[in-house]
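Chain residues, written in single-letter form:
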Amino acid sequence: MRILSVVGARPQFVKLAPIAHALAAAGHEHVIVHTGQHYDVKMSDVFFEDLDIPAPDVHLGVGSGSHGVQTGAMLSAMDAVLEEHRPDWVLVYGDTNSTIAGALSAVKLHIPLAHLEAGLRSFNRSMPEEHNRVLTDHAADLCLAPTQVAMGHLAAEGLAERAALVGDVMTDVCLTVAARAADPAREGGLPDGVGDDYVLATIHRAENTDDPDRLRAIVGGLASLPYPVVLTAHPRLTARAEQFGIDLAAGSLRTVEPLDYPSMVAAVQGARAVVTDSGGLQKEAFLLRTPCTTVRTETEWTETIDLGWNVLALDLDRVPELVDRPAPAPTDAAPYGDGHAAEATVRTLAERLPAPATA
Ligand code: UD1
């Protein structure tokens, strides 16, 4: 079986790692296409190195742009790549512009399409990621769902027959990397003098970074916390803060560049709390049992909320108070699987391989 993976953004490299290893272990051919959506070394190359992912076979070098420009550039470059490799499956990951571009190219060329991390919904129709995931699910021949909740969403949209529950590949990689960390609190990446009692924060979504009042309120709340706040800054956060004259070194803030994955896992493990607007980090915080406060109005990972390990900061003024909330009740619930989702994914791809079309 030949699988062609399309990836381009930071969280997709993390999900690619266990899939690449599981495909290799099962003796399948794997072609990796990097769209170039993320291109800074700290946003891309370090993930391939640290997570032992083979170098991409194809790099489209698309770079940044508006949604239409970026997605269109990927789409126009993909046809020739798919024609050349003619995979049994195109596998797309998550909900970025690279996901929808890979999905559209595959369906237009009648190549079977599988969507990993299918069925997630925020029900927020203004999020670019919501457009990408809904459209990709409906284009896909196989929807590989991480959770029962995701399976329910797929069924509600008439996609039950194309859906399969495989678990969450981020659990695979997060637990493996966490088990490897020699000194969880100090894998590296934290600034000197932060100590052992700190908050880890990331803010990168356009809805938070691109509105100066909102960004000022979020940064102000973090800066006012009574512990050091390690803020790992996505390039967009750095750019917008500079543009709006917002000081990312104010008060308790200790701003650092984006962390590599092992450092991020170690930093989450060592933190007293996480504050984020990332999807993946909410879940990693739960897997590593660090309480999380999510600076969004909704989340796709509702299990983290139901189990008490995550809360939504609907009112930005309450961020400091939410970060300081009492510790959640311990739980051994495993809504994101047992760390073997990549093997289940590869098995399902082999079982559901469509019969070749007859001319
Ligand atoms: C994308 C995904 C988002 C995911 C995030 C992870 C979409 C619609 N969104 O958002 O779901 O959570 O990746 O990080 O695909 N930039 C750099 N260097 C880079 C990459 C980006 O400087 O290597 C800057 C550019 O100014 C760019 C901006 O960051 O315009 C945003 O990057 P983009 O790829 O458009 O989306 P993300 O916000 O990263």
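Each remark here, short or long, concerns the structure printed above.
Enquirer: Would you mind going over the site of the ligand with me for this structure?
Expert: In the neighbourhood of the ligand, 21 residues make up the surrounding shell, with Gln37, His38, Glu129, His234 and Arg236 lying closest. Within the contact set of the ligand, an oxygen atom lies 2.8 Å away from a side-chain nitrogen or oxygen of histidine 234. Measuring from an oxygen atom of the ligand, one finds a side-chain N or O atom of arginine 236 at 2.6 Å. Burial of the ligand by the protein amounts to 85% of the accessible area it has alone, namely 740 Å². Those elements that provide at least two residues to the shell around the ligand are helix H1 (10-25), helix H3 (67-85), helix H5 (128-139) and helix H10 (235-244). Sort the elements by how many residues they give to the shell around the ligand and H5 lands first, with 3 residues.

Enquirer: Is there a simple way to explain the nonpolar core in this structure?
Expert: Counting 86 residues, the largest nonpolar core has Leu51, Leu91, Leu200 and Tyr261 as its most contacted members. If you tally residues by element for this core, the top one is H1, at 7 residues. Non-local contacts of tyrosine 261, meaning those with residues more than four positions away in its chain, are made with Val14, Phe47, Asp50, Leu51, Met170, Val173, Cys174, Val177 and Glu284. Core analysis: the second largest hydrophobic core is formed by 27 residues, Ala223, Ala233, Ala241 and Leu316 among them.

Enquirer: It is not clear to me how helix H7 (residues 169-180) should be interpreted in this structure. Could you clarify?
Expert: Owing to its 3.6 residues per turn, the α-helix brings residues three or four apart onto one side. With 12 residues, H7 extends 17 Å from end C-alpha to end C-alpha; this agrees with the ideal 16 Å at 1.5 Å per step. Listing the buried residues of H7 in full gives Val169, Met170, Thr171, Asp172, Val173, Cys174, Val177 and Ala178. Against the buried residues of H7 lie H1, strand S5 (113-116), helix H11 (261-270), helix H12 (279-287) and helix H15 (341-351). Its side-chain oxygen at 2.8 Å from the backbone nitrogen of methionine 170, aspartate 168 defines the N-terminal cap of H7.

Enquirer: Is there a simple way to explain the pairing of strand S4 (residues 89-93) in this structure?
Expert: A regular strand places its side chains so that they alternate between the two faces of the sheet. Of all the 5 residues making up S4, 5 are buried; the element is thus mostly covered by neighbouring parts of the structure. Of the two faces of S4, the one carrying Trp89, Leu91 and Tyr93 and the one carrying Val90 and Val92 are both buried. Two strands pair when backbone bridges link them, and strand S1 (residues 2-7) and S4 are joined in this way by 4 bridges, in the parallel orientation. In the sheet register, isoleucine 3 faces S4, and the bridge partner there is tryptophan 89. Looking at chain direction, S4 and S5 are connected through 4 bridges and run parallel.

Enquirer: Is there a simple way to explain the state of the cysteines in this structure?
Expert: All told, the structure shown has 0 disulfides when counted by the stated rule. We note that cysteine 174 lacks a disulfide partner, and the nearest cysteine sulfur, in cysteine 292, lies 12 Å from it. Here cysteine 174 falls in the buried class, since its relative accessible area comes to 0%.

Enquirer: What is the right way to look at the packing of aromatic side chains in this model?
Expert: Aromatic ring pairs are reported here in terms of the distance separating the ring centres and the angle at which the planes meet. For the structure shown, the criterion picks out 4 aromatic pairs. Here phenylalanine 13 and phenylalanine 47 contribute two aromatic rings whose centre-to-centre distance is 6.3 Å and whose plane-to-plane angle is 45 degrees, an arrangement assigned as tilted. Taken as a pair, phenylalanine 13 in helix H1 and phenylalanine 47 in helix H2 (residues 45-50) lie far apart in primary sequence, 34 residues in all. The class of phenylalanine 47 is buried, set by a relative accessible area of 3%. For the ring pair tryptophan 301 and tyrosine 336, a centre distance of 5.5 Å and an interplane angle of 80 degrees mean the geometry is edge-to-face. Of the two residues, tryptophan 301 sits in the loop between strand S12 (292-294) and helix H13 (302-306) while tyrosine 336 sits in the loop between helix H14 (319-323) and H15, which places them 35 residues apart along the sequence. What makes tyrosine 336 buried here is its relative accessible area of 1%. Through successive ring pairs, a cluster of aromatic residues spans Phe13, Phe47 and Phe48. The ring of tryptophan 301 carries the charged tip of lysine 283 above its face, separated from the ring centre by 3.5 Å.

Calculation notes
- Residues numbered from 1 in each chain as written.
- Predicted model: local features only at pLDDT ≥ 70, side-chain atom pairs only at ≥ 80, totals over all residues.
- Heavy atoms only, no water.
- Near = heavy atom within 4 Å.
- Polar contact = N/O pair within 3.5 Å; in protein donor to acceptor, adjacent residues only side chain to side chain.
- Areas by Shrake-Rupley, 256 points an atom, 1.4 Å probe, with all protein chains shown as cover.
- Helix = DSSP H or I, 4+ residues; strand = E, 2+ residues; numbered from the N terminus.
- Core = buried A, V, L, I, M, F, W, Y, C linked by side-chain atoms within 4.5 Å.
- Buried < 20%, exposed > 50% of the residue type's maximum accessible area, 1.4 Å probe, protein only.
- Contact = heavy atoms within 4.5 Å.
- Expected span 1.5 Å × (residues − 1).
- Pairing = 2+ DSSP bridges.
- Disulfide = S-S within 2.5 Å.
- Phe/Tyr/Trp six-rings, centres within 6.5 Å; stacked < 30°, edge-to-face > 60°.
- Lys NZ or Arg CZ within 6 Å of the ring centre and 35° of its normal.

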